[in-house]
Amino acid sequence: MALRVGHDRPDPVAYNGCVCFPATFYHNRHRHYRDEVGAEAPAFCRVILEARLQYWADEMIAGLPQEEFVFNDSKTYSGSAHVGSLRGPVIHDVLYRSALDAGRRARFLYGSDDMDALDAVPPGLSQETYRPWLGKPLCEVPSPDGSPRSYARYFYDEFMAAQHKLGISPEPYHMSDLYRSGRMNGVIRTLIEAADELRAIYLEVSQSGREEDWIPFSPVCEKCGRIAMTRVHHFDGERVHYRCQPNAMHYAPGCGHEGAVAPWDGAGKLPWKLEWAARWQVLGVNFEGAGSDHSIAGGSRDVADAITRRVFGAEPPANLPYEFLLLEGGKMSSSKGIGLSAHEATEALPAQQLRWLQVRTRPRTAINFNLGENAIPRLFDDFDVAAERYRDGSAEGWQRRQFELAQVRRDPDVMAGYRPRFAHVVTISQIPGADTETYFAQHKGAPLLPAESDELRERLAYAPVWLERFAPAKARFEVQESLPPEVKSLDAAQRRFLISFARWYEQARPADGESIHAAIMDLARREQGGAGFAFRALYRIFLGRSSGPRAGEFLAALEPSFVRSRLKAAVAALD
RNA sequence: GGCCCCGUAGUUCAGUGGCAGAACAGCGGACUUUUAAUCCGCGUGGCGCAGGUUCGAAUCCUGCCGGGGUCACCA
């Protein structure tokens, strides 16, 4: 927007009870007064910089009139939900918490679209067992674990467990319950009777035609039990007349049955785009973000919005299009076996870091999620930096909110507490017998608070997972149980050093890493060429390699009797 | 082909009209060169390219280049 001094005037912004103007206007005004009036600009031209420093969720909530927010999100469980599916729940949970923090009333609903058909058998499940179920509603398909719950319910429970780990606890619902209880009956009738209008909406909004006798409903076939390929061609006021079409879907055939059934109480379902609009009415949803696949111009969100306005005469929920979570730069696909399920992700890295990863990124930006090399330690580091800035007050307002909303549990002691660097914990965790609690209390400079001990224990518990699955080889080390045979490769200077170091260690009985480090340097100085040879000798006999963690602290953390016997054995082997 | 997102330090990314930032890596130091654990210090930059708007552009507009995503039906 181009502004001219003394001409255009931007819309004022209400902020904290003051009327303010955008920065551009202020600067133009300021120049105008300075150059043409020869005076200071009046005080009413105030630039409120804080306004653009808000966290996106708070800004969004502040801009909406809802007295009570009803957030909704849902998913079809045709298999394990992949980790990218967590983006919707995280975004909605952040908005939900933001609304509550703003003093609004709010609910957060999460649905299982379990009237949808099974459209593929995911890899890992028996093709023979599940092929007969293709095309049937997920609420009817048996669970993979043999339990009485449905296939959809099994994967729903798995995904909700992952959500709970991230601190997300929406109110659950299942579309099959909504249909069977009759709560959908009213909107089903409205939509079936509005078939002509719906056909027009499809044509206008998404440029896709529907046949003249198209009725928007898919009954469960009374003969074969499939729902995906039934086509209704007539509604007589009470019953829909349908045919189970043999060639409608590529993944499973219809049985050819022709019948008529009352479309109420779970006898079938609405097509997706209509069902979306219908459930908004039934559940009173007034905010629902949509993934970028739905958010295409003329896509399902546009159709659902148009139906809400034109058929239900209501305003559609506020929208927030969001991008996906990509793994290693590519889209995850459970059917191709690429990617990681949400459940697996909560085992591959701590829930707190998984939540942080998503909360720190704005919804419209795709998250490129990596697990390899040092990605996870860096995630810890980034989180810890945010925590430190939160603690010492140097964080901007939006950064504070980002950190608050990233918390799995909003525990003030944890948020403000000391946290050991993850890479540090990884190293200490590999030293057998190390007293980690004491070690990190010493590093902190004070005893650990209960919440800090918990945090340490969580990191200690996760360290072996990272070491085993993702760490580069050089991050791993192992104290050798017996003297490594490569001790023979040590040279004369290293042998002399080990003899004198063993003697010193025997006499000094050192208790702390610093004095050990000092002794190593001291003894090494007696040889030529720096201290490297001495450290390499120690790493060789304890770890079987030529480098390792800081030697002083490392040796101090080991059992003294073990250190003595290993030194003795090494000296003996070198004779 | 249409649409959306991204392109900023070696790397991953913040910043979205007002003095180019952080983390990690790196470099220097903490005993006279051990180290992917600690501490202190140091920012290494044509903000993808070309125009435009503006007093002022990484930020807004147009076009282009590169990367990713998405677009029948179904969901």
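Description of the overall build of chain A
- The number of helices and strands found in chain A is 23 helices and 14 strands.
- Counting over 575 residues, chain A shows a buried share of 49%.
- Contacts spanning at least 24 positions in sequence make up 67% of the contacts within chain A whose residues lie at least 6 apart.
- When the accessible area of chain A is evaluated, it comes to approximately 27,300 Å², of which 49% is carbon and sulfur surface.

Structural notes on helix α18 (residues 450-469)
- In this model, α18 (20 residues) spans 29 Å end to end at C-alpha, consistent with the 28 Å of a helix rising 1.5 Å per residue.
- Along α18, the sharpest change in direction is near 30 degrees and occurs at Y462; proline P464 comes one to four residues later.
- Among all positions of α18, only A451, E452, S453, E455, L456, R459, Y462, A463, W466 and L467 are buried.
- Next to the buried residues of α18 lie α11 (342-348), α12 (351-359), α13 (375-392), α15 (412-416), α16 (422-429) and α17 (436-444).

What about the sheet that holds strand β5 (residues 171-174)?
- With respect to topology, three strands assemble into an open sheet ordered β3-β4-β5, the strand pairing being parallel. Strands at the two margins of the open sheet, each flanked by one partner only, are β3 (68-75) and β5. On average, each strand axis in the sheet is inclined to that of its neighbour by 25 degrees, with strand direction left out of account.
- In this structure, β3 lies alongside strand β4 (residues 105-112), joined through eight bridges in parallel fashion. Bridge pairing in β4 places D73 opposite Y110.

Some words on the confidence of the model for chain A
- The predicted model of chain A averages 81 in pLDDT, with 88% of residues at 70 or higher.
- Across residues 333-338 the pLDDT falls below 50, and counting only partners more than four positions away or on other chains, this stretch makes seven contacts in the model.

Topic: the side chain of E455
- Structurally, E455 can be placed in helix α18.
- Leave out the neighbours within four places in its chain, and E455 touches V414 and R419.

Regarding the pairing of strand β8 (residues 240-244)
- Side chains V240, Y242 and C244 project from β8 onto a buried face, and the interleaved H241 and R243 project onto a face without burial.
- Bridge count between strand β7 (residues 230-235) and β8: five bridges; the pairing is antiparallel. Paired with F235 across the bridge in β8 is V240.
- Looking at chain direction, β8 and strand β9 (residues 258-261) are connected through four bridges and run antiparallel. Within β9, the residue paired with Y242 across the bridge is G259.

Here we look at the sheet that holds β9
- Here three strands make up an open sheet; going across it, the order is β7-β8-β9 and the pairing antiparallel. The strands lining the two open edges of the sheet, one partner per strand, are β7 and β9. Taking the axes of each pair of neighbouring strands and ignoring which way they run, one obtains an average angle of 30 degrees across the sheet.

Some words on the environment of C244
- Structurally, C244 is set in strand β8.
- By relative accessible area, which is 0% here, C244 ends up buried.
- Sequence-wise, C244 and G225 are 19 residues apart; in three dimensions their C-alpha atoms are separated by 9.8 Å.

A short note on α13
- Compared with the 26 Å implied by 1.5 Å per residue over 18 residues, the 26 Å span of α13 between its first and last C-alpha is a close match.
- Every buried residue belonging to α13 is among I376, P377, L379, F380, D381, F383, D384, A386, A387 and Y390, and all of these are buried.
- On its buried face, α13 sits against α11, α12, α14 (397-405), α15, α16 and α18.
- Remark: G393 follows α13 within two positions and exhibits a positive phi of approximately 85 degrees.

Rules used in this analysis
Residues numbered from 1 in each chain as written. Chains lettered and ligands numbered in written order. Predicted model: local features only at pLDDT ≥ 70, side-chain atom pairs only at ≥ 80, totals over all residues. Heavy atoms only, no water. Helix = DSSP H or I, 4+ residues; strand = E, 2+ residues; numbered from the N terminus. Buried < 20%, exposed > 50% of the residue type's maximum accessible area, 1.4 Å probe, protein only. Contact = heavy atoms within 4.5 Å. Areas by Shrake-Rupley, 256 points an atom, 1.4 Å probe, with all protein chains shown as cover. Expected span 1.5 Å × (residues − 1). Bend = angle between axes of the 7 residues up to and from the residue. Pairing = 2+ DSSP bridges. Axes fitted to C-alpha atoms, helices over the stretch in contact; angles between N-to-C directions. pLDDT = per-residue confidence, 0-100.

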